[in-house]
Amino acid sequence: MLSRIAESLYWIGRYLERAEDTARILDVHLYLTVEDPLADTQAAARLLLSVMGVPAPENVSASIVMQRLCYDTGSPSSILASLKGARESARRSRETVPTEMWESINTTWHAVQQGQLGTMRPAVAFRWVRERCAVITATADSTMSRDLGWHFLVLGRCLERIDMTARLIEAAALTTSGAAWSTALRSAGAHHAFVQRAFDQDSDLESAEFLLLNRLFPRSVLATLDTVIEALGVLEPAYDSEADVVANAVVVTANYRLDVLGYLQLPALHAGNNGSGGNAYTGNYALLDVVQALRFVQGNIARFGGNAGNVTLMGQSAGAINALALLTAPQASGLFHKLVPISGGI
């Protein structure tokens, strides 16, 4: 496939998803600032702009948020700029985009260009944007062949969705508002699905896990990553044989302390290692970091579809040395079952 066509389809997917998700976020943000009399509107607006990657002026108001994230065509995060980008990308790949999809994108952009969005009340405008993006997406789903172009479109859509969901989670984690996670769920369109699944469990942890790890909700990070992997598997068939090897594996990477912070024995470094076993003060903090990562895998890998009873520890060079060292570490006993050291030895 020509790189020009592939890039255009990829960005159509990204721009449409960005416009829809921004409309969702703005809709919930403005609703909460109006409904909650105790809300700090300045702080909420500043946090929203920061999370969306838009510089915030000293004095922030709802009108500035609307201008920067909705009407400003010079801001890559705004709804208008996203719809304009989707239309321009569709124009560049006109020979590949189905006629019905092109007409939907073109009609939407011309309505925006003529000022239709600015004449609506904000809540109505956001609903209109979501509906138009849904129409375009559904039209693409029902008219495009499942060829390479389709998978580039899906790849762009999913990567943007992961990015926007991660921004929502970041915003909820940074704010002290009691409605932070409810806001994140509503912005992602996940509140109804979350309530159905969690019943009376509405803790912050449950909300974060739902947005990150729930494979049944299509906007969760993990479910969207599954779709990304499927698309990449089609777009890069040269790696099929390698993909077959790890098709049933969940890969987890872990960092550990390096150099003097990882191996130097100092009293000042003892803090925080008391629970690591009898050899906590030997200076092997790098190895203890890997042990802690393995404990995390044991406690959480099932949530990702992995098997805690079949963990393979892999390492290369210094990582291989650490992996071999853990064979003799009592703290690592039972935490992994197979070992693959690459280019390293003891």
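Note that the structure is a prediction, hence the values are computed from the model and not measured.

The rules behind the values
Residues numbered from 1 in each chain as written. Predicted model: local features only at pLDDT ≥ 70, side-chain atom pairs only at ≥ 80, totals over all residues. Heavy atoms only, no water. Helix = DSSP H or I, 4+ residues; strand = E, 2+ residues; numbered from the N terminus. Buried < 20%, exposed > 50% of the residue type's maximum accessible area, 1.4 Å probe, protein only. Contact = heavy atoms within 4.5 Å. Salt bridge = Lys/Arg side-chain N within 4 Å of Asp/Glu carboxyl O. Right-handed = clockwise from strand over helix to strand, strands pointing away. Pairing = 2+ DSSP bridges. Core = buried A, V, L, I, M, F, W, Y, C linked by side-chain atoms within 4.5 Å. Expected span 1.5 Å × (residues − 1). Axes fitted to C-alpha atoms, helices over the stretch in contact; angles between N-to-C directions. Parallel < 35°, antiparallel > 145°, perpendicular 65-115°, else oblique. Left-handed = near helix turned anticlockwise from the far one by under 90°. Nonpolar A, V, L, I, M, F, W, Y, C, P; charged D, E, K, R; others polar. pLDDT = per-residue confidence, 0-100. Patch = residues over 30% accessible without salt bridge, like charges linked within 9 Å, V, L, I, M, F, W, Y side chains within 5 Å. Areas by Shrake-Rupley, 256 points an atom, 1.4 Å probe, with all protein chains shown as cover. Phe/Tyr/Trp six-rings, centres within 6.5 Å; stacked < 30°, edge-to-face > 60°. Lys NZ or Arg CZ within 6 Å of the ring centre and 35° of its normal.

### Quick look at the overall build of the protein
Regarding its fold elements, the protein presents 15 helices and two strands. Within the span of the protein, comprising 346 residues, buried residues form 43% of the whole.

### Observations concerning the environment of valine 112
By secondary structure assignment, the location of valine 112 is in helix α5 (residues 99–113). For valine 112, a relative accessible area of 6% corresponds to the buried category. Here the alpha-carbon distance between valine 112 and leucine 83, two residues 29 residues apart in the chain, equals 8.5 Å. Among residues more than four places away in sequence, those in contact with valine 112 are Leu80, Leu83 and Trp128.

### Brief notes about the pattern of salt bridges
Tallied over the entire structure, the rule returns 15 salt bridges. With a closest N to O distance of 3.2 Å, arginine 24 and glutamate 20 form a salt bridge. Separated by four residues within a single helix, arginine 24 and glutamate 20 lie in helix α1 (residues 3–35), roughly one turn from each other. Residues arginine 24 and glutamate 20 agree in their burial class; the two are buried.

### Quick notes on the pairing of strand β1 (residues 312–316)
The alternating pattern of β1 places Leu313 and Gly315 on a buried face and Thr312, Met314 and Gln316 on a face that is not buried. The handedness of the β1 to strand β2 (residues 338–342) crossover, carried by helix α15 (residues 318–325), is right-handed.

### Here we look at the pairing of β2
For β1 and β2, the ladder comprises five bridges, and the chain directions are parallel. Pairing of methionine 314 across the sheet is with valine 340, part of β2.

### Some points on the nonpolar core
The biggest cluster of nonpolar side chains holds 43 residues, and the ones touching the most others in it are Leu26, Val65, Leu69, Ile79, Phe126, Val129 and Leu211. With residues up to four places along the chain from it excluded, the contact list for valine 65 reads Leu26, His29, Ala45, Leu48, Leu49, Val60 and Cys70.

### Some remarks on helix α14 (residues 285–300)
Between its first and last C-alpha, α14 extends 22 Å over 16 residues, near the 22 Å set by a 1.5 Å rise per residue. On its buried side, α14 packs onto α13 (259–263), β1 and α15.

### Points about the packing of helix α2 (residues 41–51) against helix α3 (residues 62–71)
Packing of α2 against α3 brings their axes to within 10 Å, and their N-to-C directions diverge by 20°. Judged by the inter-axis angle, α2 sits roughly parallel to α3. Along this stretch, α2 crosses α3, giving a crossing that reads as left-handed. Only Val65, Arg68 and Leu69 of α3 make contact with α2, whose side of the interface consists of Ala45, Leu48 and Leu49. Tallied by class, the residues present in the contact of α2 with α3 amount to five nonpolar, no polar and one charged.

### Observations concerning the confidence of the model for the protein
Residue-level pLDDT values for the protein average 84, and 87% of them are 70 or greater. Taken together, the stretch residues 238–245 has pLDDT below 50 and engages in one contact with residues farther than four places along the chain or on a different chain. Of the regions scoring below 50 in pLDDT, residues 275–279 engages in six contacts with residues more than four places distant in sequence or in other chains.

### Overview of a nonpolar patch on the surface
A contiguous nonpolar patch, built from Val260, Leu261 and Leu264 and spanning about 270 Å² of accessible area, is present on the exposed surface. Within the fold, valine 260 resides in helix α13.

### Comments concerning unusual backbone geometry
Here the phi dihedral of serine 317 falls at roughly 60°; this positive angle occurs in a residue that is not glycine. You can see serine 317 is positioned in the loop between β1 and α15.

### Re the side chain of aspartate 289
For aspartate 289, the position within the fold is in helix α14. Other than its neighbours up to four places away in sequence, aspartate 289 contacts Asn255, Tyr256 and Arg257.

### Here we look at the environment of histidine 110
Of note, histidine 110 is situated in helix α5. When the C-alpha positions of histidine 110 and lysine 84 are compared, they lie 9.4 Å apart, and in sequence the two are 26 residues distant.

### Remarks on the packing of aromatic side chains
Per the counting criterion, the structure on display carries four aromatic pairs. Ring centres of phenylalanine 194 and phenylalanine 210 lie 5.5 Å apart, and the angle between their planes is 80°; this geometry places the pair in the edge-to-face category. Taken together, the residues phenylalanine 194 in helix α9 (residues 191–198) and phenylalanine 210 in helix α10 (residues 204–213) connect sequence positions 16 residues apart. Owing to a relative accessible area of 3%, phenylalanine 194 belongs among the buried residues under this scheme. Taking the centre distance of 5.4 Å and the plane angle of 35° together, the rings of phenylalanine 210 and phenylalanine 217 count as tilted. Judged on exposure class, the residue phenylalanine 210 and its partner phenylalanine 217 are both buried. One residue, arginine 146, lies across the ring of tryptophan 150, its end atom 3.9 Å from the ring centre.

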